[in-house]
Each structure stands twice: as structure tokens, then as C-alpha cells.
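Residue-level structural notes
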Amino acid sequence: QVQLVQSGGGLVQAGGSLRLSCTASGHTFSNYYMDWFRQAPGKEREFVAGIGRLGNLIRYQDSVQGRFTVSRDNAKNTVSLQMDSLKPEDTGKYYCAAREPGMPDYSYWGQGTQGTVRS
């Protein structure tokens, strides 16, 4: 059975940093594009960052460009999201998701991890 297990997150002051990790088991990790989403209370889930199978094709939501860094280590089946210069509006539950190339839907989702930024 495929699992995406997330770790990291927490509570931080504005301007601080958090690091999220997502480790996959049960499938060939390098076959999947990996994306990060977040959902704030009362809002829809939104795309935050994504990375291609080989660590290329990196994309960011405009609001996090220059502050967040997505990376992956296929040898460790892990994708990470380094979040710096955090703002209160970055608060939300963050999810990693795996998508096969060419497929519009995500095959697997992590359990979500909370990131809270205090002003």
C-alpha cells in the first residue's frame, strides 16, 4: 500500500522558517511529480509548489516565490518544502501529493501537517 507520510510544521513567528518533509513508501517515488498544497481555515486548498520527477520542472505559487524552496531526494523517497520569511497568511494545513506524469489527478496525498505563523 502506498503511503505519503508528512513531518515538520509547527508554530513560528512571522519572518521565521519551517521545513516540511514528505516520505513515500510502497511505490517508485521517482515516477511521480510531487506537489505541495495548503488549506487555510475557510478557504479552498491551493497549490503552493511542485517539482518534477528528477528535481526539475520546479514551480511556485506567486505569493511564495523567493521564500519557499521545494526539493526532493529520490534515493530517500522524500520531498521537502523549506519555508522562509514566513508570513501570517502562510498559515494553513500543508499537504504533499503525488501525480503521475500526464495525469490530471493526484494519486496519493499525505496526511497534512499544520503550519502556523504568528504576527
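Presented here is a report on the structure given in the accompanying data block. Every chain begins its residue count from 1, and numbering advances along the sequence as written. Under the rules for a predicted model, residues below a pLDDT of 70 receive no local features and side-chain atom pairs below 80 are neither given nor counted, while totals for whole chains, interfaces and linings still include all residues. Each side-chain value is derived from all of the structure's non-hydrogen atoms; neither hydrogens nor water enter the calculation.

Quick word on the environment of Ser80
In plain terms, the rule: We count a stretch as a helix when DSSP gives it H or I for four or more residues in a row; a strand needs E for two or more, and each element gets its number in order from the N terminus. It only takes one pair of heavy atoms within 4.5 Å for two residues to be counted as in contact. Two N or O atoms count as a polar contact when they lie within 3.5 Å, although within protein this holds only if one can serve as hydrogen donor and the other as acceptor, and sequence-adjacent residues are included solely when both atoms are side-chain atoms.
Tracing the backbone through its elements, the reader meets Ser80 in strand S8 (residues 78-83). For the pair formed by Ser80 and Cys96, sequence separation is 16 residues and the distance between their alpha carbons is 9.0 Å. The residues contacting Ser80, other than those within four sequence positions of it, are Arg19, Leu20, Ser21, Trp36, Thr69, Val70 and Ser71. At 3.5 Å, the side chain of Ser80 and the side chain of Arg19 are in polar contact.

What to know about the sheet that holds strand S7 (residues 68-73)
Our working definition: Strand pairing requires that DSSP identify at least two bridges connecting the strands. Working convention: axes come from line fits to C-alpha atoms, limited for helices to the stretch in contact. Angles between N-to-C directions cover 0 to 180 degrees.
A sheet is described by the order of its strands in space; here four strands give the open sequence S1-S3-S8-S7, paired in antiparallel fashion. Of all strands in the sheet, those bounded by a partner on one side alone are strand S1 (3-8) and S7. Ignoring which end each strand starts from, the neighbouring axes of this sheet average 15° apart. Judged from the six bridges that link them, strand S3 (residues 18-25) and S8 form a sheet pairing that is antiparallel. Looking at the pairing, Arg19 lines up with Gln82 of S8.

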